[in-house]
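Topology and contacts: notes
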Amino acid sequence: MPVQSASAPSGGTLFIVATPIGNLEDLSPRAQRTLAEVAAVCAEDTRHTRRLLGHYGIDAELVALHEHNEQALAVRLVQRLEAGESLALVSDAGTPLVSDPGFRLVAAARAVGIRVSPVPGPSALIAALSVAGLPSDRFAFEGFLPAKAAARRERLQKLAGESRTLLFYESSHRIADTLEDMVVAFGAERRAVLARELTKLFETVLDGSLEALRDRVQADADQRKGEFVLVVEGAGDDADAALAEGRRVYALLSSHLPPSAAARLAAEITGAPRKALYATGQSSTDG
Ligand code: SAM
């Protein structure tokens, strides 16, 4: 594959423009100018983006680009770019391509040598990381966990030994279940930060053990409203590593033995607490 030349791109430019995650003041002056100057703005939800642009008095041509039409539409948009028009891509909130559509369009544009240029700005994951107070030099962004309980728990089990800080996006109707599953997968004491409604009226950043956060969210319906980023401390010490290994061994044994025997043996082999391993087994069978 040829390396894209930065010096001699052909055609117009595809600008990838970040938009606010709640607070309308967070659209940068350069983002405003770019959105006003391009030939068209590709948006996930054109009604939502029209409202945003209306706030700034920008009257742009809007093209609906979403997961279902992106592949087909990319061909036509690349033709416009090749013909010399510049276009912008935005999503409903934050930075396009971050748990949002756009990578197919960017790939298609780059493949033919179109200049793709970022107009950086808000992203919920970076906003959450910046206020979490958890190690941030290395981190792993996991996006949304699977919606189905069994798949979600399996994913969390696989992440139990990850030493980097973990970031997840979560919605209001699953936040309580996800915290419950994290208590089981990562252990009750693992530190975490729940960043809710960032930059909005009800912005709340809660920190504590996973168990304390779960209890708070279960007890207070207000803490289940809105949009969330969950930041979870990585597996740090030997105890976390033993728990992760215990769960791996338990998963292998439990297909041949009853849960209690599998948990006892896995605990003996790895040094992980038997109760936590047994709880893993219960949670993976009851959802
Ligand atoms: N592209 C966006 C970005 O850069 O952050 C993310 C889009 S993703 C479809 C939407 C998810 O981001 C929400 O479900 C929530 O997890 C998170 N999110 C977006 N805005 C948020 C906010 N103001 N506070 C907390 N989380 C937010």
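Chains are numbered independently. Their residues run from 1 in the order of the written sequence. Owing to the predicted nature of the model, reporting of local features is limited to residues with pLDDT of at least 70; listing and counting of side-chain atom pairs is limited to 80 or more, with chain, interface and lining totals taken over all residues. For side-chain calculations, the full set of non-hydrogen atoms in the structure is used, while hydrogens and water are omitted.

Points about the sheet that holds strand E8 (residues 191-196)
We count it as follows: The rule for pairing is simple: two strands pair if DSSP sees at least two bridges between them. Strands here are runs of E lasting at least two residues and helices are runs of H or I lasting at least four, both read from the DSSP assignment and numbered beginning at the N terminus. Angles shown run from 0 to 180 degrees and are taken between the N-to-C directions of axes, each axis being a line fitted to C-alpha atoms and, for helices, limited to the stretch in contact. Throughout, a residue-residue contact means that at least one pair of heavy atoms, one from each residue, lies within 4.5 Å.
Reading across from one edge, E6-E7-E10-E8-E9 is the order of the five strands in this open sheet, with mixed pairing throughout. Looking along the sheet, the strands with just one partner apiece sit at the ends: strand E6 (139-144) and strand E9 (204-209). Within the sheet, the average angular offset between the axes of one strand and its neighbour, ignoring direction, is 15 degrees. In terms of strand pairing, strand E7 (residues 165-170) meets strand E10 (residues 228-232) through five bridges, oriented antiparallel. Residue pairing across strands places Glu170 opposite Phe228, the latter belonging to E10. Relative to E9, helix H8 (residues 210-219) is tilted by about 130 degrees, and along the sheet it contacts E8 and E9.

Points about the nonpolar core
Operational definition: Residues belong to one nonpolar core when they are buried, are Ala, Val, Leu, Ile, Met, Phe, Trp, Tyr or Cys, and are joined through side-chain atoms within 4.5 Å. Only protein chains enter the accessibility calculation, which uses a 1.4 Å probe; a residue whose area is less than 20% of its type maximum is buried, one above 50% is exposed, and one in between is partly exposed.
Core analysis: the largest hydrophobic core is formed by 24 residues, its most contacted members being Phe168, Leu179, Met182, Phe186, Leu194, Leu230 and Val232. Among the elements of the structure, helix H6 (149-159), E7, helix H7 (175-186), E8, H8 and E10 are those that each provide at least two residues to this core. At seven residues, H7 tops the list of elements feeding residues into this core. Apart from the residues lying within four places of it in its own chain, the contact partners of Leu230 are Leu166, Leu167, Phe168, Ile175, Thr178, Leu179, Met182, Val193 and Leu194. Of all hydrophobic cores here, the second largest spans 18 residues; its members include Ala40, Val63, Leu77 and Leu81.

Points about the pattern of salt bridges
Close approach of charged atoms lets side chains of opposite charge pair. To be explicit about the condition: What counts as a salt bridge is simple: a side-chain nitrogen of Lys or Arg found within 4 Å of a carboxyl oxygen of Asp or Glu.
Under the defined criterion, the tally for this structure stands at 19 salt bridges. As a salt-bridge pair, Glu170 and Arg174 come within 3.7 Å of each other at their nearest N and O atoms. Taking the relative accessible area as the measure of exposure, Glu170 reaches 5% and is therefore buried. If you follow the salt bridges from partner to partner, you end up with Glu180, Glu211, Arg214 and Asp215 in one network.

Observations regarding the side chain of Arg247
Quick reminder of the rule: Here a polar contact is recorded for every N or O atom pair within 3.5 Å, except that within protein the pair must consist of a potential hydrogen donor and a potential acceptor, and residues adjacent in sequence are included only if both atoms are side-chain atoms.
Within the secondary structure, Arg247 sits in helix H9 (residues 238-253). For Arg247, a relative accessible area of 5% corresponds to the buried category. There is a polar contact of 3.5 Å between the side chain of Arg247 and the side chain of Gln157. Apart from residues lying up to four places away in sequence, Arg247 is in contact with Gln157, Val184, Ala185, Phe186, Gly187, Ala276, Leu277 and Thr280.

A closer look at a nonpolar patch on the surface
Inclusion rule: In this analysis, a patch consists of residues with relative accessible area above 30% that form no salt bridge, clustered at 9 Å for like charges and at 5 Å for the nonpolar side chains Val, Leu, Ile, Met, Phe, Trp and Tyr. With residues, only the protein chains shown are counted as cover, and all accessible areas are computed by Shrake-Rupley using a 1.4 Å probe.
Taken together, the side chains of Leu257, Leu265 and Ile269 make up a nonpolar region of the molecular surface, amounting to roughly 240 Å² of accessible area. Overall, the relative accessible area of 57% leaves Ile269 in the exposed class.

Some words on the packing of aromatic side chains
Definition in use: Planes of paired rings set the category: under 30 degrees apart is stacked, over 60 is edge-to-face and the rest tilted, where pairs are Phe, Tyr or Trp rings (Trp by its six-membered ring) whose centres lie within 6.5 Å.
Under the definition given, this model contains two aromatic pairs. Judged by centre distance (4.9 Å) and plane angle (70 degrees), the ring pair of Phe141 and Tyr169 falls under edge-to-face. On the criterion of sequence distance, the pair formed by Phe141 in strand E6 and Tyr169 in strand E7 is long-range, its members being 28 residues apart. On the basis of relative accessibility, which here comes to 9%, the residue Tyr169 falls in the buried class. A network of ring pairs unites the aromatic residues Phe141, Phe144 and Tyr169 as a single cluster.

What to know about the packing of helix H3 (residues 70-82) against helix H4 (residues 103-111)
Filter applied, for reference: Comment on the angle field: the value is read as roughly parallel under 35 degrees, roughly antiparallel over 145, roughly perpendicular from 65 to 115, and oblique elsewhere. By convention the crossing between two helices is left-handed if the near helix lies anticlockwise of the far one by an angle smaller than a right angle, and right-handed if it lies clockwise. Classification convention: Asp, Glu, Lys, Arg as charged; Ala, Val, Leu, Ile, Met, Phe, Trp, Tyr, Cys, Pro as nonpolar; all other residues, Gly among them, as polar.
Running from amino to carboxyl end, H3 crosses H4 at an angle of 40 degrees, the nearest separation of the two axes being 9 Å. Classed by the angle they form, the pair H3 and H4 counts as oblique. Here the hand of the crossing between H3 and H4 comes out right-handed. Mapping the contact onto sequence places Glu70, Gln71, Ala74, Leu77, Val78 and Leu81 in H3 and Phe103, Arg104, Leu105, Ala108 and Ala109 in H4. Split into classes, the residues belonging to the contact of H3 with H4 amount to eight nonpolar, one polar and two charged.

Comments concerning helix H10 (residues 259-270)
We count it as follows: An expected span of 1.5 Å times one less than the residue number is assigned to each helix.
Across its twelve residues, H10 extends 16 Å between first and last C-alpha, which sits within 8% of the 16 Å expected from 1.5 Å per residue. Taken together, the buried positions of H10 are Ala261, Ala262, Ala263, Ala266, Ala267 and Thr270. Once H10 finishes, Gly271 follows within two positions and takes phi at roughly 85 degrees, a positive value.

So yeah, pure geometry; function would need other evidence.
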